[in-house]
Amino acid sequence: MNNFYFKISPYQFKLFNNEIILIIIISLLIIFSSILIKYYKKKDIVFIIFNIILFSVFLILYNSFVQIYNLESSSIIFNFALTIDFYSNSVKLLLCLWTLIVLIGSFRFLLNSKTSSIEYPLLIVLGLFFLMVLVSSYNFMVLYLSIEGLSLLLYVLAAFPFNKGSLESSIKYFILSAIASGILVFGILIIYGHTGSFDFFYIKWILNHIELSNKGIQYGLFCIIYGFLFKLGLFPCHMWSLDVYTGSWLPSTTFFMTSVKTGIVCLFVRLLLYIFYPLMFIWKSVLILVCIGSLLVGCIGALTQKRLKRIFIYSSINQVGFSLLGLVTGNLQGFTSSFFFIFIYILSSIGLFSILLNTESYIKGQNLVLLSDLTNFGLFNKRYSFIICIILFSMAGIPPLAGFFSKYYIFKSLVDSSMYMLAIYSILISIVNSFVYIKILKIMFFDKNVNRNENDYFVYCIYKNLYTNIKKKNNVKNLNLCVFYENLITSLLYIISLLLIYIPCDIVVVLNYIKFFTMNCYLILSI
């Protein structure tokens, strides 16, 4: 049951306390850094601010968990601007978790960077703020402002570390995203013109009581879907993501492909299942075409690439297209399978990018870029090789790992909805796409370069260059913290691997929990 609050009260601020605390911390840190920069070195300030932000995000993560546990009913606050419910709070918990892992992985980059950017961790956590507002939005004005605020941050994050490639990708992102935002706001204005409101509640009520064959409303829905497809980088709006994600800094790419995609997908689900559910006969056909195109483009593109980043970008197009297949069914079973698939995919992506963030080629002194950089990786780093095997096999859908069951339930929901051709097509694409991951493992374990050995190609050099630089400056605090974060990342990777193995072992209990979760979310979205 929804609680509506038409007047601003202290209780509403209590429901929205995570976002308020986050923006206060960011404001204080900006003031704090502008004062300290006159008295301390830039790297020391980065070190202090980074750890404060990390601790703050951890507290927000804990508070989000407490809010989910104590939440009794959903509430509409600030005059229908925001909603606080089980669905939005659960997504916020995941967003905090993904952002926390991205921040830990970016620590080495911040200390090794020539720019020593104080603003980088602040921009990441400000992006988390906009994402949390985005998933709670209950009004098209709040939705648009939060998306645009997030986009402005992403333009800057794509420009780091301000070299030629990253600046070019940032400008491309800015120009193309401005066009997509114009189409999105045009769709919102068309919906407003036909309903007279920006509020989700009133728009849904009006759509339930008017003629749905109205071409204006259908055209507005098309524009909104197009805007979200661009933000997600799905077919046919996927070309920008290849250049932008490839040219940007690796921590920025990780943030784009995990936290940002999670937030936007979950908001997209809310729009389709809550507001535009009466128009399912329209968006269902559009999503089928998008899924077919995304699966094909992601599969073929990944097979032809030689750069690791571009392989994972194409893989992301394929996997997000897979996740939307469950929504095409339009029922609770499909929604459950989609959410389960998204969770497993983001978990696997976090593991892969954590390895890329913390592993570098000793010869090149940079992160792994090409597929050929993984040659002999299986020989020189058996610990990370095992984790990569688990993650890639899971993403390929090899039984009995969690990725297999996430794909199986997508296929099952399609078959139960009598979408046999779509199920057969997605199975065939999944089989072909598994060769991408097998090719990576083949290079890691079976390709050998006789000109390289463990001494001159030490691939698993985690923080090695950072250790050397810090020891020269005798900065013991930074060194100890690097060791701590290295062990923390490694522990997280082992936890991810164990989860991908454990979930199938107790799949009945996990699925019961997922069904309980999605049933609550589905009831909230469908009321």
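Located above this text is the structure these notes cover.
A few points on the structure.

With respect to the overall build of the protein chain
The helix and strand inventory of the protein chain stands at 22 helices and five strands. Looking at the protein chain residue by residue over its 527 residues, the buried ones come to 61%. Across the protein chain, the fraction of contacts at a sequence separation of at least 24, relative to all contacts at a separation of at least 6, is 80%. Carbon and sulfur atoms provide 70% of the accessible area of the protein chain, an area that totals close to 21,200 Å².

Observations regarding the packing of aromatic side chains
According to the stated counting rule, one finds 23 aromatic pairs in the structure shown. A ring pair is formed by Y155 and F174, whose centres lie 5.2 Å apart and whose planes are at 85°; its orientation type is edge-to-face. Of this pair, Y155 sits in helix α7 (residues 140–159) while F174 sits in helix α8 (residues 164–195), and the two are 19 residues apart along the sequence. Exposure remark for Y155: the relative accessible area of 8% places this residue in the buried category. Look at F174 and you get partly exposed, because its relative accessible area is 45%. Following the ring pairs from residue to residue traces out a cluster consisting of Y155, Y173, F174, F230, W240, Y245 and F256. Here the basic side chain of K407 rests over the ring of F322, its NZ or CZ set 5.1 Å away from the ring centre.

Description of helix α14 (residues 308–328)
For α14, with 21 residues, the first-to-last C-alpha span of 31 Å sits near the 30 Å given by 1.5 Å per residue. Among the 21 residues of α14, 21 are classified as buried, and the element is accordingly described as predominantly covered.

Section: the pattern of salt bridges
Pairs may arise between side chains of opposite charge once their charged atoms sit close together. This model, assessed by the stated rule, comprises five salt bridges. When the shortest N-O distance is used, the salt bridge between K92 and E19 registers 2.6 Å. Taken together, the residues K92 in helix α4 (residues 86–105) and E19 in helix α2 (residues 17–36) connect sequence positions 73 residues apart. In this structure, the salt-bridge partner of K172 is D243, at a minimum N-O distance of 3.4 Å. Of this pair, K172 sits in helix α8 while D243 sits in helix α11 (residues 239–247), placing them 71 residues apart in sequence. One network of salt bridges, with partners in common, ties together E168, K172 and D243.

About the criteria used
Residues numbered from 1 in each chain as written. Predicted model: local features only at pLDDT ≥ 70, side-chain atom pairs only at ≥ 80, totals over all residues. Heavy atoms only, no water. Helix = DSSP H or I, 4+ residues; strand = E, 2+ residues; numbered from the N terminus. Buried < 20%, exposed > 50% of the residue type's maximum accessible area, 1.4 Å probe, protein only. Contact = heavy atoms within 4.5 Å. Areas by Shrake-Rupley, 256 points an atom, 1.4 Å probe, with all protein chains shown as cover. Phe/Tyr/Trp six-rings, centres within 6.5 Å; stacked < 30°, edge-to-face > 60°. Lys NZ or Arg CZ within 6 Å of the ring centre and 35° of its normal. Expected span 1.5 Å × (residues − 1). Salt bridge = Lys/Arg side-chain N within 4 Å of Asp/Glu carboxyl O.

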